[in-house]
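Chain by chain, the residues:
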Amino acid sequence: MRKLNNYILCALVSVLLFFAFLASEGMFLIKNSVFSTETYISILEENDIYSKVYSEIEKHFVNEENATAIPADVYLDKVSPELIREITNENLISALEYITGEKENLDFSSSQLKLDEMKKSIDSFFEEYAASINYTKDDAYYAKTESVYRSAVSYITETTDVFQFEKINKAGYLNLARRVYGYTDVLTIATFGAAGFLILIVVLSNLKRIINSLYWISISLCSVSLVILAAGGYFRFSGFFNRFAIKAPHIFSSITGAFYEFTDKLLIMNAILFTAGLVFMILYMIFGKEKNKAK
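The paragraphs below set out a description of the structure included in this document. If you're wondering where the values come from, they're calculated on a predicted model, not measured in any experiment.

**Focus on the overall build of the protein chain**
Broken down by element type, the protein chain carries 13 helices and 0 strands. Each helix and strand of the protein chain, ordered N terminal to C terminal, gives the series α-α-α-α-α-α-α-α-α-α-α-α-α. Relative to a compact globule of 295 residues, whose C-alpha radius of gyration would be 19 Å, the protein chain shows 28 Å and is clearly more extended. With the C-alpha coordinates aligned to their principal axes, the bounding extent of the protein chain is approximately 105 × 35 × 25 Å. Across the 295 residues of the protein chain, 40% fall into the buried class.

Take a look at the structure:
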C-alpha cells in the first residue's frame, strides 16, 4: 500500500513537473530572447531586412516622382542604405527600451533627426524651382516644403518600423508587453523555483531508492520536450508562418523571421532537454537493474 501511495504521489508530481518545465522554458525564452535587442538585430541581418527596407523606400520615392514631379534623388541622395540601417536599428532599440521600462514613451524622434540632410535637399529643390518660375516665397511655399518633408519622414519612419511597433502600440498591446515585462524576473524565479521544488519532492519520495527519481524526472523532461518538438517541428517545417497575409516584403520577412527564430530556439532547447531526459532514463535502466540484481 505504501508503495502504491508513493507511486501515485510521484505520478502526480511528474505531471506537475511537466507544466513547471513548460513554464520555465517559456520564461527562459522570454527573458533571454523575446525582449533582447541582439535577437531582433540578428533576425534583421539573417533575413536581409535592411536592403528590403531600402528597396521599399526607393520604390516609393520613384513612384512619388510621377505624382509630385519631385525627383526621387532629392530624397535618395540623402538617404543611403547605411542611414536606413541606422534608423531601423534605432527604432527597434527605442521600442524595446519602452517595453523594458527604460523609456516612458514610444518615441522615434531621435532617429528622425538623422533625416535633417534630406530636409536641406528638399528645401534646396524648392528654392531652385521657385527661382526658376520667379515665385515669391510666402506662407504657402513654406507650408508646402514642410508638408513634403514631414510626409517623407513619416513614410521612412513607418517603413523602418519593420516589426510594426507603432501599430501594436496604438492597439494597446505594447503597453501590455511593458507590464508583463515588469514581472519577468519574478515569474522566472517562480517557475524555476517550482520546478526545483517538485524535483526535490520526487527525490525525497524515493530516498530509499534515489535512482527511481531519475525515472520520474525523465518522464517529465521527455514528455514536455516531445510535445514542443512535435508542435515546433510542424510550425517550422510545414511552412505555416509563410501563410501569413502580409503584403510588404520587409515586414513579412521580419515577422516570419522572428517566428522562425523563436521556434528554432525552442527546438534546440527541447532537443537538449529530450537528450537529458533520455540520459536519465538510460541511467535509471542501468543502475536500477543493477540494484534489483543486488537484491
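**Some points on the pattern of salt bridges**
Inspection of every chain in the model, using the stated rule, returns 14 salt bridges. The closest approach of N and O atoms between K114 and E90, which form a salt bridge, is 3.2 Å. With K114 in the loop between α6 (109-112) and α7 (116-132) and E90 in helix α5 (residues 81-99), this residue pair connects regions lying 24 residues apart in the sequence. Each of K119, D123, E146 and R150 takes part in one network of salt bridges that share partners.

**Notes on the environment of G239**
Mapped onto the secondary structure, G239 falls in the loop between α12 (211-237) and α13 (249-294). As for G239 and Y260, which are separated by 21 residues in sequence, their C-alpha atoms are 9.9 Å apart.

**Observations concerning the packing of α5 against helix α8 (residues 139-160)**
Where α5 meets α8, the closest approach of the two axes is 9 Å, and the angle between their N-to-C directions is 65°. By the criterion of interaxial angle, the relationship of α5 to α8 is roughly perpendicular. Like other packed secondary-structure pairs, α5 and α8 cross with a definite hand, here right-handed. Residues I84, I87, T88 and N91 of α5 touch α8, and the partners they reach there are I156, T157 and T160.

**Description of the packing of aromatic side chains**
Under the definition given, this model contains 25 aromatic pairs. Here F241 and Y260 contribute two aromatic rings whose centre-to-centre distance is 5.1 Å and whose plane-to-plane angle is 85°, an arrangement assigned as edge-to-face. On the criterion of sequence distance, the pair formed by F241 in the loop between α12 and α13 and Y260 in helix α13 is long-range, its members being 19 residues apart. The same class applies to F241 as to Y260, namely buried. By the ring-pair criterion, three or more aromatic residues cluster together here, those being Y234, F235, F240, F241, F244, F259 and Y260. A cation sits over an aromatic face here: R85 above Y50, 4.2 Å from the ring centre.

**Digging into unusual backbone geometry**
In this structure, D48 takes a positive phi of about 55° despite not being glycine. Here D48 shows up in the loop between α2 (37-46) and α3 (49-68). On the basis of relative accessibility, which here comes to 44%, the residue D48 falls in the partly exposed class. Even without glycine at this site, Q164 takes up a positive phi of about 60°. Looking at the secondary structure, you find Q164 in the loop between α8 and α9 (165-170). Judged by relative accessible area, which is 12%, Q164 ranks as buried.

So, how was this worked out
Residues numbered from 1 in each chain as written. Predicted model: local features only at pLDDT ≥ 70, side-chain atom pairs only at ≥ 80, totals over all residues. Heavy atoms only, no water. Helix = DSSP H or I, 4+ residues; strand = E, 2+ residues; numbered from the N terminus. Rg over C-alpha atoms; globule rule 2.2 N^0.38 Å. Buried < 20%, exposed > 50% of the residue type's maximum accessible area, 1.4 Å probe, protein only. Salt bridge = Lys/Arg side-chain N within 4 Å of Asp/Glu carboxyl O. Axes fitted to C-alpha atoms, helices over the stretch in contact; angles between N-to-C directions. Parallel < 35°, antiparallel > 145°, perpendicular 65-115°, else oblique. Left-handed = near helix turned anticlockwise from the far one by under 90°. Contact = heavy atoms within 4.5 Å. Phe/Tyr/Trp six-rings, centres within 6.5 Å; stacked < 30°, edge-to-face > 60°. Lys NZ or Arg CZ within 6 Å of the ring centre and 35° of its normal.

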